[in-house]
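This is what each chain is made of:
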Amino acid sequence: MQIAKDTVVEFHYTVFEGENQLESSKDGAPLAYLHGHESMLPGLEKALDNKSADDSFSVELEAKDAYGPRHDNAVQRIPLKHLQGAKVWKPGMTALVHTDQGQRQVTIIKVGRFNADCDLNHPFAGKDLKFDVEVVSVRAATSEELSHGHVHGAGGCGH
Ligand SMILES: [Zn+2]
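The rules behind each value
- Residues numbered from 1 in each chain as written.
- Predicted model: local features only at pLDDT ≥ 70, side-chain atom pairs only at ≥ 80, totals over all residues.
- Heavy atoms only, no water.
- Pairing = 2+ DSSP bridges.
- Helix = DSSP H or I, 4+ residues; strand = E, 2+ residues; numbered from the N terminus.
- Axes fitted to C-alpha atoms, helices over the stretch in contact; angles between N-to-C directions.
- Salt bridge = Lys/Arg side-chain N within 4 Å of Asp/Glu carboxyl O.
- Buried < 20%, exposed > 50% of the residue type's maximum accessible area, 1.4 Å probe, protein only.
- Phe/Tyr/Trp six-rings, centres within 6.5 Å; stacked < 30°, edge-to-face > 60°.
- Domains from an automatic or database assignment.

K.L.:
Can you help me understand the sheet that holds strand E6 (residues 94–99) in this one?
P.N.:
For sheets, the rule is that strands pair by backbone hydrogen bonds, running either parallel or antiparallel. Taken together, 4 strands build an open sheet; the order of strands is E5-E8-E7-E6 and the sheet is antiparallel. The open sheet has two edge strands with one neighbour each: strand E5 (75–79) and E6. Averaged over all pairs of adjacent strands, the angle between their axes in this sheet comes to 50 degrees, without regard to strand direction. Here E6 runs beside strand E7 (residues 102–111); their pairing, made up of 6 bridges, is antiparallel.

Structure below.
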């Protein structure tokens, strides 16, 4: 089966900036997403189009086609209780924050007693990236997944 709109794709990826490996999914489970529903980086989704299970390829994305430019002055003070991902925070760590626009990743700059100064830029903002991709599986989405607009695991999505 080929990757097309309304298929559920699982793939492993390793991201590089130049020679420098930034992140890899290979430490854990592959990433799963619903193709054609704007839940994936557009440049990456385009490169995945028409690929099949066991295909592997590399794609280079300029910053503007990946996580966008870095914004200066994107620092915000956020209550520690709103940061997810760790119990103790240190500068340089990344945290997840829920916002009106959905979940976003922030980088801790300075930690106080109740609040942390966080850089709201995505950690990969401003970087030209190369993705090494291995397609693990492709299947048709269920009607429930299509109506929710996201992938469900073995036990559904719990809502
Ligand atoms: Zn759901």
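Past the structure itself, the notes keep going.
K.L.:
In this structure, what is going on with the pattern of salt bridges? I would like to understand it.
P.N.:
Two side chains with opposite charge may pair up if their charged atoms get near one another. Tallying each qualifying case throughout the model produces 8 salt bridges. The salt bridge involving Asp 117 is made with Arg 77; its shortest N-O contact spans 2.8 Å. Linking Asp 117 in strand E8 (residues 115–119) with Arg 77 in strand E5, this pair joins segments that are 40 residues apart in sequence. The residue Glu 145 makes a salt bridge to Arg 139 at a minimum N-O spacing of 3.0 Å. For Arg 139, a relative accessible area of 32% puts it in the partly exposed group.

K.L.:
Explain the packing of aromatic side chains to me, please; I cannot follow it from the model alone.
P.N.:
By convention here, two paired aromatic rings are described through the distance between centres and the angle between planes. Evaluated as defined, the whole model comprises 4 aromatic pairs. Relative to Tyr 13, the ring of Phe 11 lies with its centre 6.1 Å away and its plane at 55 degrees, an arrangement referred to as tilted. Each member of the pair Phe 11 and Tyr 13 is classed as buried. Residues Tyr 13 and Phe 131 carry aromatic rings whose centres are separated by 6.5 Å and whose planes lie at 55 degrees to one another, so their mutual orientation is tilted. With Tyr 13 in strand E1 (residues 7–17) and Phe 131 in strand E9 (residues 129–140), the pair connects residues that are 118 residues apart, well separated along the chain. Exposure class is identical for Tyr 13 and Phe 131. Each is buried.

K.L.:
Mind showing me how you'd approach the domain arrangement of the chain here?
P.N.:
By a frequent convention, interface size equals the accessible area lost on bringing the separate parts together. By domain assignment, the chain separates into domain 1 (7–67 + 126–148) and domain 2 (75–119). Inter-centroid distance (C-alpha atoms) of domain 1 to domain 2 is 26 Å.

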